[in-house]
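Coordinate analysis (summary)
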Amino acid sequence: MNKKTLTLSASKDLKLGALLTFIGVNLRFVVGNIIHGLIYFNFLQSGNHEHRYEVHVPNLPDMCGDIAIMMVFASAYFFITAGSVKKRRNGSADNFPLTNAQDLPPVGESMSWVKSLFFISIIGFGLYFFSKYFFSIELETFFEEDEESGISFILHITNYLVRLCSVFAFVTVYCRYLSLKRTTTLLLYVFFFTRFLFATNMLEFVHTYDLYIGASILDFLTPILIVYSMISLFII
């Protein structure tokens, strides 16, 4: 394989890896926000009235969505670590150097950019998965009757912060992939942070009112992000 062919092949694999990573992030928004809102307002429910979907615990649509996200991220990893990318990174094909001004496209820069997007996404998904399927369940199991204790409060706050870091990781990838302006980026962070505060009842500092409905109402604004993503993919 000559230098030009390998460079183009590596560039193609990296673009596919970045695209799949971005699709995975959008799927996370669909599962965590859109499906969440549909379940909360009973637009999406099982036919069995004795086993209704509950937004506060993992449910069947959630789990199916999470499996789809993992499959997309696994596919992204496959392209990011493809043989052409490895060879181009190591400069092993025909012993050609990587630092050639005539290399098109700039694969070296693309590698760093795509890998950063992917690893931030994986960190975000890992935090999300840990919080949802381990941390939250353990808290509900061992502290359900002792929620007012100091250690329970600290653990719940820790769990909420883990969840917030996960959300911010996905927002970061979304903004970097689309190269959004600072104003738009800040708006997205504020939107997801506001939703987070509603979903956690202001980090459990509000006891008089149940603010959870605010998060579910904001979820219906999430399709705007998905539509914007689809439009941007045709433009980029």
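Coordinates for the structure precede this section.
Here is a short report on the structure shown in this document. (Residues numbered from 1 in each chain as written. Predicted model: local features only at pLDDT ≥ 70, side-chain atom pairs only at ≥ 80, totals over all residues. Heavy atoms only, no water.)

**A few points about the overall build of the protein chain**
What counts is decided by this rule: Counting from the N terminus, the helices are DSSP H or I runs at least four residues long and the strands are E runs at least two residues long. For every residue, the accessible area obtained with a 1.4 Å probe (protein chains only) is divided by the maximum for its type, and the residue is called buried under 20%, exposed over 50%, and partly exposed between those limits. Between two residues, a contact is recorded if the distance between any of their heavy atoms is within 4.5 Å. Only the protein chains shown count as cover for residues, and all accessible areas are computed by the Shrake-Rupley method using a 1.4 Å probe.
The helix and strand inventory of the protein chain stands at nine helices and zero strands. Listing every helix and strand of the protein chain by position from the N terminus yields α-α-α-α-α-α-α-α-α. Looking at the protein chain as a whole, 44% of its 236 residues qualify as buried. Put simply, 74% of the contacts in the protein chain that link residues at least 6 apart link residues at least 24 apart. Surface exposure of the protein chain reaches about 13500 Å², of which carbon and sulfur atoms provide 67%.

**Brief notes about the packing of aromatic side chains**
Cut-off, in case you're wondering: Aromatic contacts are taken between Phe, Tyr and Trp rings whose centres are within 6.5 Å, Trp giving its six-membered ring; a plane angle under 30 degrees counts as stacked, one over 60 as edge-to-face, and the others as tilted. A ring is considered to have a charge above it if a Lys NZ or an Arg CZ atom is located within 6 Å of its centre and within 35 degrees of its normal.
Taken as a whole and judged by the stated rule, the model has 24 aromatic pairs. Judged by centre distance (5.6 Å) and plane angle (50 degrees), the ring pair of F130 and F135 falls under tilted. Here the aromatic residues F73, F125, Y128, F129, F130, Y133, F134 and F135 are joined through ring pairs into a cluster of three or more. A cation over a ring is seen here: R28 above Y128, with NZ or CZ 4.0 Å from the ring centre.

**Some thoughts on a nonpolar patch on the surface**
Rules: Patch membership is restricted to residues that have no salt bridge and whose relative accessible area is over 30%. Joining uses 9 Å for like charges and 5 Å for the nonpolar side chains Val, Leu, Ile, Met, Phe, Trp and Tyr. A side-chain nitrogen of Lys or Arg and a carboxyl oxygen of Asp or Glu constitute a salt bridge if their distance falls within 4 Å.
A surface patch of nonpolar side chains, about 480 Å² in accessible area, is lined by V227, I231, F234 and I235. By the element assignment, I235 lies in helix α9 (residues 223-235). Judged by its relative accessible area of 68%, I235 falls in the exposed class.

**Focus: the pattern of salt bridges**
Counted according to the given criterion, the structure contains three salt bridges. The partner of K132 in a salt bridge is D66, with the nearest N and O atoms 3.2 Å apart. Here D66 lies in helix α2 (residues 60-80) and K132 lies in helix α4 (residues 107-143), a separation of 66 residues in the sequence. For K132, a relative accessible area of 13% corresponds to the buried category.

**Topic: the nonpolar core**
To keep things clear, this is the line we draw: Residue types Ala, Val, Leu, Ile, Met, Phe, Trp, Tyr and Cys, when buried and joined through side-chain atoms within 4.5 Å, form a set referred to as a nonpolar core.
In this structure, F29, V171, Y174, L188 and F192 are the most contacted members of the largest nonpolar core, which totals 44 residues. If you tally residues by element for this core, the top one is helix α1 (residues 3-40), at 11 residues. If we skip the residues at most four places from it in the chain, V171 touches F29, L188, Y189 and F192. Residues Y160, F196, L197 and L203 belong to the second largest nonpolar core, which totals six residues.

**Comments concerning the environment of N201**
Rules: Think of a polar contact as two N or O atoms within 3.5 Å of one another; within protein, one of them needs to be a possible hydrogen donor and the other a possible acceptor, and neighboring residues in sequence only count if both atoms come from side chains.
Mapping N201 onto the fold places it in helix α7 (residues 201-204). For N201, a relative accessible area of 15% puts it in the buried group. At a separation of 3.0 Å, a polar atom in the side chain of N201 contacts the main-chain carbonyl oxygen of Y209.

**Description of the packing of α1 against helix α3 (residues 83-90)**
Here is the rule: Angles here are taken between N-to-C directions and fall from 0 to 180 degrees, while the axes themselves are lines fitted to C-alpha atoms, restricted in helices to the stretch in contact. By definition in this entry, angles of less than 35 degrees are roughly parallel, angles greater than 145 are roughly antiparallel, angles of 65 to 115 are roughly perpendicular, and the rest are oblique. Left-handed is the label given to a crossing in which the near helix is rotated counterclockwise from the far helix by less than a right angle, and right-handed is the label when the rotation is clockwise. For this scheme, ten residues count as nonpolar: Ala, Val, Leu, Ile, Met, Phe, Trp, Tyr, Cys and Pro. Four count as charged, namely Asp, Glu, Lys and Arg, and the remainder, Gly too, count as polar.
Running from amino to carboxyl end, α1 crosses α3 at an angle of 120 degrees, the nearest separation of the two axes being 8 Å. If you check the angle between α1 and α3, you find them oblique. Along this stretch, α1 crosses α3, giving a crossing that reads as left-handed. Taking contact as the criterion, the partners of L6, T7, S9, A10, D13 and L14 in α1 are, on α3, S84, V85, K87 and R88. A breakdown of the residues in the contact of α1 with α3 according to their chemical character gives four nonpolar, three polar and three charged.

**Some remarks on the packing of helix α6 (residues 182-199) against helix α8 (residues 212-219)**
Packed helix pairs are characterised by how far apart their axes lie and by the angle those axes make with each other. Where α6 contacts α8, the two axes come as close as 6 Å, and the packing angle between them is 145 degrees. Between α6 and α8, the contacting residues are F191, T194, R195, F198 and A199 on the first element and Y212, G214, A215, L218 and D219 on the second. The residue makeup of the contact of α6 with α8, split by class, is six nonpolar, two polar and two charged.

**Quick look at unusual backbone geometry**
Even without a glycine there, the phi angle at N201 is positive, about 55 degrees. The backbone of E204 shows a phi angle near 65 degrees, a positive value even though the residue is not glycine. On the secondary structure map, E204 appears in helix α7. The exposure class of E204 is partly exposed, given its relative accessible area of 21%.

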